[in-house]
Amino acid sequence: MHKGLLFVISAPSGCGKTTILKEVMQRIPALVFSVSHTTRNPRSGEKDKEHYHFVSVDAFMALRDQEPCGFLEWAEVHGNFYGTSVAEVNARCQQGQDVILDIDVQGAEQVRQGALPVTVFIAPPSLEILEQRLRGRGTETEETVSKRLKNARAELAQVDAYEYVIVNDVLEEAVEALCSIIIAERSRQRRDRRGVALQWAEH
Ligand code: 5GP
């Protein structure tokens, strides 16, 4: 039975990743989004279990400290904890569904160590445009905007670790680029340079 592919998508916040992913999920069949756990508060309009599993720090740590660890990867981002549940991803992949992980650069590095994900980085056209987009959202405080811009610079420095880079200048083009990557990767014969036809390493 076909085991699902794991797509890791990272982007500094404000790069339009959520909008791109929403559109791509509608266009590509048999693709599921892994709902992460987070300790941050929900933003207006965000629903528990749909956008994130919103949990307390204690609940997050309990899952993290399980033996074996309940997270495929986890990280502290902008002062909050985020993690991908092993159970959720394994169940999806075993069913042959391709799974999208929307995670930061630290998480992407951890996933690379245990699996063979397809990694995609979504970049802003420039840092100036990213700043305008973050302020335009109107949902973030000045402190949060500064924290996210600082983080964006650090994340952009990691771009070379990704197999694909999409610059989100024109939304439709970015959506098409990601759809094309997913379609091409589904047709790929081998996922690693040693020629092993491995898609998803078991934990
Ligand atoms: P936001 O708070 O804006 O939803 O997300 C902030 C950052 O956390 C984004 O870069 C997002 O990709 C990242 N993130 C979301 N879920 C996870 C996760 O499960 N693991 C990791 N490592 N990062 C995550």
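None of the values given here were measured: they were computed from a predicted structure.

### A closer look at the site of the ligand
Part 1 of the reasoning: The local shell around the ligand holds 18 residues, among which Ser36, Arg40, Tyr52, Tyr82 and Asp104 are the closest.
Part 2 of the reasoning: Asp102 has a polar side-chain atom sitting 2.8 Å from an oxygen atom of the ligand.
Part 3 of the reasoning: Between the ligand and Asp104 there is a distance of 2.7 Å, counted from a nitrogen atom to a side-chain nitrogen or oxygen.
Part 4 of the reasoning: Contributing elements (two or more residues each) for the shell around the ligand: β5 (71-77) and β6 (80-85).

### Details of the sheet that holds strand β8 (residues 118-123)
Part 1 of the reasoning: Read from one edge to the other, the open sheet built from five strands follows the order β2-β7-β1-β8-β9, with strand pairing classed as parallel. Either end of the sheet is taken by a strand with one partner, and the two such strands are β2 (31-33) and β9 (164-167). For this sheet, the mean inter-axis angle between neighbouring strands, taken without regard to orientation, is 25 degrees.
Part 2 of the reasoning: Where β2 meets strand β7 (residues 98-102), three bridges bridge the pair, whose relative direction is parallel. Within β7, the position partnered with Val32 by the bridge is Val99.
Part 3 of the reasoning: Along the sheet, helix α1 (residues 17-27) contacts β1 (6-10), β2, β7 and β8; its crossing angle with β2, the most-contacted strand, is approximately 145 degrees.
Part 4 of the reasoning: Contacts between helix α3 (residues 86-94) and the sheet are confined to β1, β2 and β7, with β7 contributing the most and set at about 150 degrees to the helix.

### What about the pattern of salt bridges?
Part 1 of the reasoning: Going through the model one piece at a time under the given rule, you end up with 13 salt bridges.
Part 2 of the reasoning: With its nearest N and O atoms 3.1 Å apart, the salt bridge here joins Glu23 to Arg27. Separated by four residues within a single helix, Glu23 and Arg27 lie in helix α1, roughly one turn from each other.
Part 3 of the reasoning: Because the salt bridges share partners, they merge into one network encompassing Glu23, Arg27 and Glu172.

Cut-offs used in this document
- Residues numbered from 1 in each chain as written.
- Predicted model: local features only at pLDDT ≥ 70, side-chain atom pairs only at ≥ 80, totals over all residues.
- Heavy atoms only, no water.
- Near = heavy atom within 4 Å.
- Polar contact = N/O pair within 3.5 Å; in protein donor to acceptor, adjacent residues only side chain to side chain.
- Helix = DSSP H or I, 4+ residues; strand = E, 2+ residues; numbered from the N terminus.
- Pairing = 2+ DSSP bridges.
- Axes fitted to C-alpha atoms, helices over the stretch in contact; angles between N-to-C directions.
- Contact = heavy atoms within 4.5 Å.
- Salt bridge = Lys/Arg side-chain N within 4 Å of Asp/Glu carboxyl O.

Just distances and angles here, no functional claims.
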